[in-house]
Amino acid sequence: ISCKDTSHYDESTLNELEVYGNKIGGEKVVKILAVTSVPMKSTIMQRAEEMGIKILVFEGNVDVFRQQFLKTLKIN
């Protein structure tokens, strides 16, 4: 899990999460980027999907974010 309190994340952020996720978690890793804003670059969401990275945007509601997080981890 990587957290960014900005919309200024980019491919390097995704690459960093990819490298550390594979190094620490191996094949069964769930890569999550938790952010407070959608990315400035419109291509980031598509690139994250291609890399198997889930981007969760916190929009102020902790309960909604928690449910997104648990759904991503497939925990009920």
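Everything that follows concerns the structure shown earlier in this document.
Cut-off values and rules
Residues numbered from 1 in each chain as written. Predicted model: local features only at pLDDT ≥ 70, side-chain atom pairs only at ≥ 80, totals over all residues. Heavy atoms only, no water. Salt bridge = Lys/Arg side-chain N within 4 Å of Asp/Glu carboxyl O. Helix = DSSP H or I, 4+ residues; strand = E, 2+ residues; numbered from the N terminus. Buried < 20%, exposed > 50% of the residue type's maximum accessible area, 1.4 Å probe, protein only. Core = buried A, V, L, I, M, F, W, Y, C linked by side-chain atoms within 4.5 Å. Contact = heavy atoms within 4.5 Å.

**Things to note about the pattern of salt bridges**
As enumerated under the stated definition, the model contains 3 salt bridges in all. Here Glu-11 ties to Lys-41 by a salt bridge, and the two come within 2.8 Å at their closest N and O atoms. Separated by 30 residues along the polypeptide, Glu-11 in helix α1 (residues 11-25) and Lys-41 in the loop between β2 (31-35) and α2 (44-51) bring together distant segments of the chain. Given a relative accessible area of 28%, Glu-11 falls into the partly exposed group. Given the relative accessible area of 39%, Lys-41 is considered partly exposed. For Glu-50, the salt bridge goes to Arg-47, with nearest N and O atoms at 3.3 Å. Here the residue Glu-50 and the residue Arg-47 both occupy positions in helix α2, the gap between them amounting to 3 residues, near one helical turn. Assessed through its relative accessible area of 35%, Arg-47 is described here as partly exposed.

**Observations regarding the nonpolar core**
Ranked by size, the top nonpolar core spans 11 residues in total: Tyr-9, Leu-14, Leu-17, Leu-33, Val-35, Ile-44, Ala-48, Met-51, Ile-53, Ile-55 and Val-57. Looking at this core, the elements that each hand over two or more residues are α1, β2, α2 and β3 (53-57). For Ala-48, the residues in contact, after removing those within four places along its chain, are Leu-14, Ile-53 and Ile-55.

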